[in-house]
Amino acid sequence: MLDPLYRRFPAVLMARRNLTRTKVRSALASLGIVIGVIAIASLGMFGVALQYSISENLGGLGNQVTVSPNAEAGVQNLTERDVREIRRVVGPAVSVSPEKRTVRPVSFDRGSNQTTVVYGIQDPASVYNASEGRIPDPFQSGVLVGESVAENEDLQPGNTISVNGTSMRVRAVLESTGSFSQLNPQNRIYLPVNSFDRRGYQQVYVTAESGTAANESAMAIRDALNDREQRVVVQELGSLVDQVNQTFQVINTVLVGIAAISLFVAGISILNVMLMSTVERREEIGVLRAVGYQKRDVLKVMLMEATLLGVFGGLVGVGVSALVGLAINYYTVDDATALFRLANLWYLLAAFAFAVVVSILSGLYPAWKAASEEPVEALRG
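For every chain, the first residue of the written sequence is number 1, and numbering continues from 1 onward in sequence order. The predicted origin of the model limits local features to residues at a pLDDT of at least 70 and limits the giving and counting of side-chain atom pairs to 80 or more, whereas totals for whole chains, interfaces and linings rest on all residues. With hydrogens and water set aside, each side-chain value is computed from the structure's full complement of heavy atoms.

Turning our attention to helix α4 (residues 80–90). In an α-helix, one turn spans 3.6 residues; hence positions three or four apart end up facing the same way. Of the residues making up α4, those classed as buried are Asp82, Val83, Ile86 and Val90. All buried residues of α4 lie within an arc of 100° about the axis, which places them on one face of the element. Opposite the buried face of α4, by more than 90 degrees, sit the exposed residues Arg81, Arg84 and Arg88. Phi turns positive one or two residues past the end of α4, at Gly91, with a value near 90°. The cut-offs for exposure are 20% and 50% of the maximum accessible area for each residue type, with area from a 1.4 Å probe on protein chains only; residues under the lower value are buried, those over the upper are exposed, and the others partly exposed. Helix and strand definitions follow DSSP, with helices as H or I runs of at least four residues and strands as E runs of at least two, each counted in order from the N terminus. Here, the arc refers to the directions that run from the helix axis to the C-beta atoms.

And the structure:
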């Protein structure tokens, strides 16, 4: 199958034969390339998997805007009027979730009271899904609990808990919405908003369809509520996601840079192998020059040897890296098929290309040295 290639490029055949003469030395040189490729590709894919895992935990954080009262301006709560104004400026396509919270004594299964923060949110059915039970619409009685609360206290719909001395029935267990989302109900207990004594809201969460829509909503809210004075603080959580992604890009660059050192070491090994090959085959090179081989012909053969070492080591390294990548993605994000993301494939391709380039550069000086030998001097040697 390779005969047509050898007939068209005889330098490839000669290079392969020369490398197979010293199999152990050639294998050790390629092993350095294999290790370098595995280091670069694996660390790069590990960084991608870690970034993806964090992004998954961030959930829809990039689409959220948080509106809080500006305590420095003396504003303690957001009023019903503020909430109506927010709904007006962001439009019906954007979800607006005003939230109350306070501290109440809570006891589970007739146990001792625990001082716990409890929350109230308007229309929870439009924000959350129930993993157990059903979220009443409208929500006017009972309590809703997060999955962690239900698991820790062995609660399920129909059980009762005591809040501020009043027995209340668990209506539903709320599904988690992402570890870093401020709307994540995992560790929360929700009461109907009409059960809170204090008027006004401590925060309003605005959830848009995209990061761009969230940014537009944030600007509209600032213009409407902070027209005369800075009454509210509007925080775009998408900026946090951007900062996380930028941080991971820096981490990936550093990891790949450290791994690249191993490929440079492998390049030195190839340089050493090629120089030794040049010395050992000095008379053979002299014979080739004497029978009519030009400098460029000798240069092609020697460079092809270095290239074959790089290609072979790169292919083996990519194959092993792919297996490592499958394991990394399986144990990091529980999805082995995540290996085929564009970023991971780019790292595999970049590691292979870098291996071949380093091999060729390492073979340049030995190839030039061999091609520059005078036939008479080479034969005399």
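Picking up where we left off.
Stacked, edge-to-face and tilted are the three classes for Phe, Tyr and Trp ring pairs, Trp counted by its six-membered ring, which pair at centre distances within 6.5 Å; planes under 30 degrees apart are stacked, over 60 edge-to-face, the rest tilted. One pass over the full model with this rule turns up 3 aromatic pairs. Consider the rings of Trp346 and Tyr347, whose centres lie 5.3 Å apart with planes at 80°: the pair is edge-to-face. Owing to a relative accessible area of 54%, Trp346 belongs among the exposed residues under this scheme. In our convention, an over-ring charge means Lys NZ or Arg CZ found within 6 Å of a ring centre and within 35 degrees of that ring's normal. Arg104 extends its terminal NZ or CZ atom over the ring of Phe196, reaching a point 5.5 Å from the ring centre. The ring of Tyr119 has Arg188 lying over it, and the distance from NZ or CZ to the ring centre is 4.1 Å.

Moving on: the pairing of strand β5 (residues 143–146). Burial along β5 is two-sided: the residues Val143 and Val145 and Leu144 and Gly146 are all buried. Relative to strand β7 (residues 166–174), β5 runs parallel, the two being bridged by 4 bridges. Counterpart to Leu144 in the pairing with β7 is Ala172. Examined bridge by bridge, β5 and strand β8 (residues 189–191) share 2 bridges and lie antiparallel to one another. Bridge pairing links Leu144 to Tyr190 in β8. Pairing between strands is defined by DSSP: at least two bridges between the two strands are required.

Our next topic: unusual backbone geometry. The peptide bond linking Asp137 to Pro138 adopts the cis configuration, its omega dihedral lying at 10°. Within the element layout of this structure, Pro138 appears in the loop between β4 (130–133) and β5. Positive phi outside glycine occurs at Asp154, with the angle close to 55°. Even without being a glycine, Asn164 presents a positive backbone phi close to 55°.

To continue, consider the nonpolar core. Among the nonpolar cores identified, the biggest contains 27 residues, and Ile33, Ile40, Leu263 and Ile270 are the most heavily contacted of them. Counting only elements with at least two residues in this core, the list comes to α3 (23–58), α7 (238–280), α9 (295–333) and α10 (342–371). The leading source of residues in this core is α7, at 8 residues. Any two residues whose heavy atoms approach within 4.5 Å are treated as being in contact. Among all residues touching Ile270, those that are not within four sequence positions of it are Ala29, Ile33, Ala306, Leu309, Ser359 and Ser362. Grouping buried Ala, Val, Leu, Ile, Met, Phe, Trp, Tyr and Cys residues that are joined through side-chain atoms within 4.5 Å yields what is termed a nonpolar core.

Compared with an ideal rise of 1.5 Å per residue, which puts 39 residues at 57 Å, α9 spans 54 Å between its outermost C-alpha atoms and is within 8% of the ideal. In the stretch just after α9, Asp334 is the one whose phi turns positive, near 60°. For a helix, the expected span equals 1.5 Å multiplied by the residue count minus one.

Let us now look at the UniProt feature "transmembrane region" (unreviewed entry) in the protein chain. UniProt positions are given in the numbering used here, feature names are shortened, and annotations may be inferred rather than shown by experiment. Mapped onto the present numbering, the UniProt feature "transmembrane region" (unreviewed entry) falls at residues 26–50, 254–275, 306–333 and 345–365. For residues 26–50, the helix share is 100%, the strand share is 0%, and the end-to-end C-alpha distance is 36 Å. The span residues 345–365 is 100% helical and 0% strand by assignment, and the distance between its end C-alpha atoms comes to 32 Å.

Attention shifts here to the pattern of salt bridges. Put simply, a salt bridge is a Lys or Arg side-chain nitrogen that is within 4 Å of an Asp or Glu carboxyl oxygen. Scanning the model with the defined rule gives 4 salt bridges in all. Across the pair Arg231 and Asp82 runs a salt bridge, and its minimum N-O distance is 3.0 Å. Of the two residues, Arg231 sits in the loop between α6 (211–225) and β10 (232–236) while Asp82 sits in helix α4, which places them 149 residues apart along the sequence. Each of the two residues, Arg231 as well as Asp82, counts as buried. Across the salt bridge formed by Glu99 and Arg188, the nearest N and O atoms sit 2.8 Å from each other. With Glu99 in strand β2 (residues 95–108) and Arg188 in the loop between β7 and β8, the pair connects residues that are 89 residues apart, well separated along the chain.

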